[in-house]
Structures are given as C-alpha cells and as structure tokens.
There are 2 protein chains.
Amino acid sequence: MNQPPQGLPHIVVLGAGFGGLMFAKDFPSHLAKVTVVDRQNHHVFQPLLYQVATAGLAAPDIAQPIRSILRDKPNLTVLMAGVRRIDLAARRIELDHGSLDFDYLVIALGGQTSYFGHDEWEWFAPGLKTLDDAVRLRRNMLLAYERAEMETDPKKREELMTSVVVGGGPTGVELAGSFAELARTVLYRDFDHIDPRQARILLVEGAPRVLGTFPADLSESALRQLRKLGVEVRLNTKVTAIREHEVELDGVPLRAGNIVWAAGVGASSVTRSLGVDTDRAGRIKVRPDLSVPGHPKVFAVGDLAILTDAKGQVVPGVAQGAMQGGAFVAKLIAHDLRVGARRPEDRPAFAYWDKGNMATIGRSKAIAQIGRLHFSGLAAWVMWLALHIVFLVGLRNRVSVFVNWIHSYFTYKRGARIIMNAETISRK
Amino acid sequence: MNQPPQGLPHIVVLGAGFGGLMFAKDFPSHLAKVTVVDRQNHHVFQPLLYQVATAGLAAPDIAQPIRSILRDKPNLTVLMAGVRRIDLAARRIELDHGSLDFDYLVIALGGQTSYFGHDEWEWFAPGLKTLDDAVRLRRNMLLAYERAEMETDPKKREELMTSVVVGGGPTGVELAGSFAELARTVLYRDFDHIDPRQARILLVEGAPRVLGTFPADLSESALRQLRKLGVEVRLNTKVTAIREHEVELDGVPLRAGNIVWAAGVGASSVTRSLGVDTDRAGRIKVRPDLSVPGHPKVFAVGDLAILTDAKGQVVPGVAQGAMQGGAFVAKLIAHDLRVGARRPEDRPAFAYWDKGNMATIGRSKAIAQIGRLHFSGLAAWVMWLALHIVFLVGLRNRVSVFVNWIHSYFTYKRGARIIMNAETISRK
C-alpha cells in the first residue's frame, strides 16, 4: 500500500457519502495528505435512490465517480477498498488489501439496512442503501408484473401484483408512492392479461403515523396524499415474520410478489469493533466536537454518529447532518494543523443548522417544512424538484435527471424500466 | 400459458432484436394474434452497446421496454420468457414456463458470442451481446485501473493497465478505440499513482486487416486512426489460449488486466436443435423468401439466418439486414393471410438494400461507405453520430444520448464510470 511521504500528517477519510465527501471538498488539502477510502468507486446521491428503484432514473444519473469529484484537490488520494478493521490504538486501518496508517481519522461510513436481529429477512425483503440495491428492487418489482402477465391462476396473479413496503419513513413513503404511480399511470397500458391499476401497494408502519420526524399536520397530509394514490397504509402494524413472497402483519400472513424493507437503518457494523460507546443502533456517541471519546484525532460524522448538539437538538440522520458534520470537522482539523492542536473540550461545539425537511410522495404530491412554515401538495413538490436538481453532483447528472423528469411528466413514461441481470441472479 | 382465441391464426415471434421488432411493428396485427417472446424485457440498440461497456452511456439510455414500444399494437402480446425448444413438427415452442402453439413462426433470436469451441475462455474474456455483458465489461475495465492504483509492484501495475481486445471487426475496433480514448483523455486526470496515458490497448486480429467487410482503403484508414489513438494493432495474429489475466498470441503469453472477446459471433444455439440445414456458425440456410426449408410458415431473419439474396449478395449480419428481413416477412405473411397462402417458390425473393456501412473509432474518427462513396475521419464521424441518434428508439433515449455526447465532447468526461456489483460478482 502506498503511504504518504514524511512531513505532512496523514488524514484518512472512511466513506465518500455526504459526510466524507464534504470533508474532502472543504479541507484545505495543502495542510496534509488526505486519503479517501470507499468500497464503491462512486458517490451516490441517496435522496434519489428510490427513483432508480422505481425505474425513473438510470443508476449513473445519480452517481459520480469519487475520483472525478475530487480530481482537483492536491495531496488527495482516492482508494477503492473495503474497510476490514479500525485499530484506534495503533492508528491503523486494515483494508481488503493492505493497510493504512493515519494521524487523523474521519469515520463517515454511513448506515446500513438493519433487520432488528432478523437478518434472514434480507433475501426476501431487500433494503435500499446502494445502487446495486436499487437495481435489485427495480428488477424484483418489474419481474413480478412480468410473471403476473404469464400467470393464469387469478389468485396467484393477485399475489404477484401485491407490493409491501415495510417502514413509513421518507424512503418507505417515497417507494410506496412511486410504486403506486408506476402501476396506475405508466404500466397499465403495457400489459394484456393483467391490469396494473388493480395492483395493491401496502405501506406498513409500526407507529401511529407515517413520517414521524415531521410535524403531525404534515404526516396527516402525507397520509392523505398516499391514500389518494391508492396506497393502503397500515399504521400501528408490526411485521412479525417475512418469508419468500410472504409477510406476516401482526401475525396475519399476506402473500406479495414484491417486498421491500425500508424500516431500519443502523450504523455501519464497523463501529461495533471500535471499543467505543455506541447506542443500540450502533451509532458512536461522539463528543460535542464530533470527536470519538478518548481519541481526539478521530472523528465520526453522518449516520454512524449520534449527538445532541450545542442547541440541544439531536442531529438527524439526513444528508444535511452529514454534510454539516464533514464541513465542521474539516475546519476543526485545519485549525489544529495551522494553529496547534487543542484538547476536545477547548474546541467549538457542533451546532446543526436545520434548513428544513421534505419528502415526496408522487406527481404534485409532497410535504415540506422550513422552520415554522409547512407546505404540502404542489408547492412542496416543486420545491422538492428544484432542490434535488440543484444539489445533485455533476452537471451531466443534473441535465440528465432534468430531462428524464420533464419527459416523465409529459409522457407518463419512465425511462429506466430495464430488468438487468434477470437470468443470473433473479429470484424465483 | 395464455393461448390466443380461436379464429385468428397465431404468429409467434421469437426475439425482439432488430429483426423481430421490425416484424412486430410492420405486421398489420388485425390479421392475426401475435405473440412476441424475448428473455429480456427490453430491446437493446446494439450499435451503441460498446458505449455502455466503455462508460459513455448508461444501460437504460440504449434500451427500451419491449412492451412500451409495442403498446399500441392490437392483438399483440409480449412475453418475457426464455425459449427452451422449438418443435417444428408439432408447431409448438417450449418456454421456461409453459409452451406456445403457433401457426406462423418468425425466428429472430439473433447471435451469441462464439469461442470457436473454447467456451472455457468466456470467464476470462467476456463478449459483448447484452446489457449485462456491457456492464460487466465496464466493471472489469474500471476495476483494473482501481487495482493498478493500489498496486506497488510496477510490473503488475503495467499488467493491470493492459487491455486486450480480440477481434478486429466493428465491435472490436469500437471497443479498442474507446478504451484508448478513455484512458488517454478521461482517466488520466483522476489517478495519483498511475498514469492511464501509459495504458496499453491491444487489438488482435487474425486476418491481414481490420474491418474486413469494408473496402481495403477504409480498413487502411481505420488502422491509421486506431494507431493515432495509441492502440497497438496486431494483424495476422492468432489467439492460441486465454487464461485468467493472460492471453497467448501465436503462442506467446501476454499478461493483461482486461481481456475482451469480440472475435466470434454464432447463431443462437437454438438453431442446432431444429433439424434443419445450418452453416458452421449455426445459421439457418433459409430459402429466398426467408422461410425455413420444408416449413413454409416458419421464417428466420437476422443474425441466425444465412442467405445469398436475389441480387447475389450475402445478406450481412447487421441491423439493416435483420430489419429489412423482418419487414419483408411481415409483408409476406400479411399477403398470405389476406390473399391466400402461396408456395415458397411462388413468393417474392428477399433483396437486401445496402444503405451503407459505418464504424466509429473515436472522437472525430470513423469510416463510412455509402454506395461507391468512402468517407473517413471527421465527416464519417459526424454522419455516424447523426444516424445513431436518429435510429435510436425512444425520444427520451435520443435526448439522453445526445446530452451525454455533447457533455463528453466538451468536458472530456464520461458519465457512466460507475462500477456496479463490484462486491457480489467481481472477478479476482
């Protein structure tokens, strides 16, 4: 493995999601050697992942090679490698191949789908964290309709045309809304033996409302908008088991051709081996300066860190939280290197700036909260569209997504209804 | 399986490539029930497949759901299924699940990569026939550079940065040119420890010239243009063995991080079980009316048929040949159904209209032949771009490809440099 030359300190950044990437972009890289490690070669714009899963966008539309984003930063190296182990005492990262020594470490590996101890459910109800996941969901969903078209038994046909989305957070709501819209406005013209408008889309949530992190009136509005799209929303309902093409809701089995898990996100499993204090979801309880307790030169940002910030608010596990954390740590380490190292208790405390929160449900359907202002319906949807185009990384991606959205809006088509790897890894 | 109602004859079309799709579009479908069967849910615009393999385009940019293309045809059903066996005597097709009886049959299953009896080479030197193939080539190629970046042994690094393309036909020339351009103009800015401009790209051809189906002066021009891009072209060179990361050229082993097979295309293997006369590549020797000898209601079009046509020219295995064949058979069956069945010898004979032939090598580099006119360089390249945009199926695809090409042209970037499935099915 290539080690940085003597002289400059070495900063290793694990993960090039929103947190790691923002650190790498903001850090003045003449001050140190920086190595960014990610097991993928690309950064994914996670907020649009559900559109790849529901055939609205192609995978490369929402991804950008990490090397390409960071190509102009001097002293910065990108490595495509998986992280095996972090040895905080020896200040060393073990990778799939080789290892890296660090002076400073920024852990930004994000979250992973959590099945609350039921990892065996993954095969029957995949989650949505990566582009590969998204292409898999798209394949499962489109294949279910293809099979329904060939099925002659009306009961089995109905089962194949049933989709269940588990979890009423933003991802679950977006997936369920988009599945419903796809069936009712896009697919219905394409089949001869089935009517996709009759497809059942269920959204299952254990709590009494969807989008629990939003104000109650917006949750209510989202629920109404979902129902308008024909999504059956089951609140206060627990998933008690998942088997092949079957989910058990409060003990009652339901057959479904397509089951998606959008219920649980835990921290990357690497946190558990660090020997530091974590919450039940595996998130590192960081200090107010985002450093890991006992390790002043090690920081954690994004979905694998948990903190009640200087304003007394729990920093939410959203893109904004990770990005602000990455930028904060970049400034903090730069100050350490320019002016001299400070003890964690002498450093400023991170304060999350809540710029607002939004979720989309379907065409002209969304909710948004900006400070005390609450929006829903068309206004929220237009805001959502504009913001997601602006924040998408890469000019080509922006143009491509924009063209796709315009095209879908006017034609009621979706451009990425392509089943990939149908033969090699399709499920029964 | 759903069978058509009594009354109308049933036409089964196997394959929705250029030939099958053109038949389905052209056939007046009020005359019969038509069932189109393909193992994919999408039609692929094959001439641009190499651009997906070399990270210029996303897979959905060059594909369109078959259902969506044919949605407005009455009496026409699309089935996503693999063909197991064709029983010409019983007039029955066995599918993966179920079977179909036919009155008329159009076999348009196209070709498949042929390793001339060395099927064991496939794993080490994949071919390029499907979107999944293209995404696999892209992954192999990009991963080789990622590994070279991490490699400290200079000799191994050089090996990883060597690509070998076997076969100097259009696909091989396009791939080699595009690989070279990617390395020299796109990737070189992205890496710290390797210089992709030093990458070796070899194109290996057994014959004395590349693009052997073109006139000699255009082959010469293509060779010069390839060499200008830095492709090492080895003519009169035979591949004697392929192993993991190693190819033997006339018995001399050469290590390479990325090996691609673009040398052989044979007919779909289904032809061998038909009990009809085929050539060595498995192509059905059809009658002048494109019917299969002895089976006047069974036709074969495209890459799995071979015919010297009414003008005395061998119909080439290109998109135009398949499309004209599909349109010809559509007209012929329609006439049979309207006016009454004719004996094959009383039917008109197919005549291929050679509209010209072109191949692209890289930016401003191409060759084209239209009748007696020969073009090369910029003029041929602009013609190539225009024609491929026009013939691409689907407005969204056209706009998306156009945007991608404009963007690449001005920025020297490629938008689809995304490694998918790196963990699950990547090779060592």
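If you're wondering where the values come from, they're calculated on a predicted model, not measured in any experiment.

A. Local environment of the sheet that holds strand β21 (residues 295-300) of chain A. Residue and element names in this part refer to chain A. With mixed pairing, the six strands of this open sheet are ordered in space as β5-β2-β1-β9-β21-β20. The sheet terminates laterally at β5 (76-80) and β20 (291-292), the two strands that pair on one side only. Two elements, β20 and β21, share two bridges in a ladder whose sense is antiparallel. Bridge assignment links V292 to a residue of β21, and that residue is H295. Those strands touched by helix α8 (residues 319-339) are β1 (10-14), β9 (104-107) and β21, and its axis lies near 175° from that of β9.

B. Region of the structure containing the relation of the copies chain A and chain B. Overlaying chain A on chain B yields an RMSD of 0.0 Å, the required transformation being a rotation through 180° with an accompanying axial translation of 0.0 Å. The two molecules are tied by a two-fold rotation axis, judged by turn and shift. In this assembly the copies share their binding face: 100% of the residues contributing to the interface of chain A also contribute to that of chain B.

C. Structural detail: the environment of A:R396. Looking at the secondary structure, you find A:R396 in helix α10 (residues 395-411). With a relative accessible area of 5%, A:R396 lands in the buried category. For the pair A:R396 and A:D61, spaced 335 residues apart in the sequence, the C-alpha separation amounts to 8.0 Å. Not counting residues within four places of it along the chain, the set of residues in contact with A:R396 comprises A:P60, A:D61, B:N404, B:H407 and B:G415.

D. Representation of the packing of helix α1 (residues 18-26) of chain A against α8(A) in the model. All names here are of chain A. Between α1 and α8, whose axes approach to 7 Å, the crossing angle comes to 35°. Viewed along their axes, α1 and α8 form a crossing whose handedness is right-handed. From α1, F18, G19, M22, F23 and D26 reach across to α8, where they touch A319, A322, M323, G326, A327, V329, A330 and I333. For the contact of α1 with α8, the residue count by class is ten nonpolar, two polar and one charged.

E. Spatial organisation of the interface of chain A and chain B. The interface is formed by 55 residues belonging to chain A together with 55 residues belonging to chain B. Between chain A and chain B, the buried area comes to about 5100 Å², and carbon and sulfur atoms account for 55% of it. There are four salt bridges connecting chain A and chain B. Across the pair A:R67 and B:E146 runs a salt bridge, and its minimum N-O distance is 2.7 Å. It is helix α4 (residues 131-150) of chain A that provides the largest number of residues to the side of chain A that touches chain B, a total of nine residues. Within the side of chain A that touches chain B, the residues separate by chemical class into 26 nonpolar, 14 polar and 15 charged.

What counts, and at which threshold
- Residues numbered from 1 in each chain as written.
- Chains lettered and ligands numbered in written order.
- Predicted model: local features only at pLDDT ≥ 70, side-chain atom pairs only at ≥ 80, totals over all residues.
- Heavy atoms only, no water.
- Pairing = 2+ DSSP bridges.
- Helix = DSSP H or I, 4+ residues; strand = E, 2+ residues; numbered from the N terminus.
- Contact = heavy atoms within 4.5 Å.
- Axes fitted to C-alpha atoms, helices over the stretch in contact; angles between N-to-C directions.
- Least-squares fit on C-alpha atoms with pLDDT ≥ 70 in both.
- Buried < 20%, exposed > 50% of the residue type's maximum accessible area, 1.4 Å probe, protein only.
- Left-handed = near helix turned anticlockwise from the far one by under 90°.
- Nonpolar A, V, L, I, M, F, W, Y, C, P; charged D, E, K, R; others polar.
- Buried area = accessible area lost by both parts, 1.4 Å probe.
- Salt bridge = Lys/Arg side-chain N within 4 Å of Asp/Glu carboxyl O.

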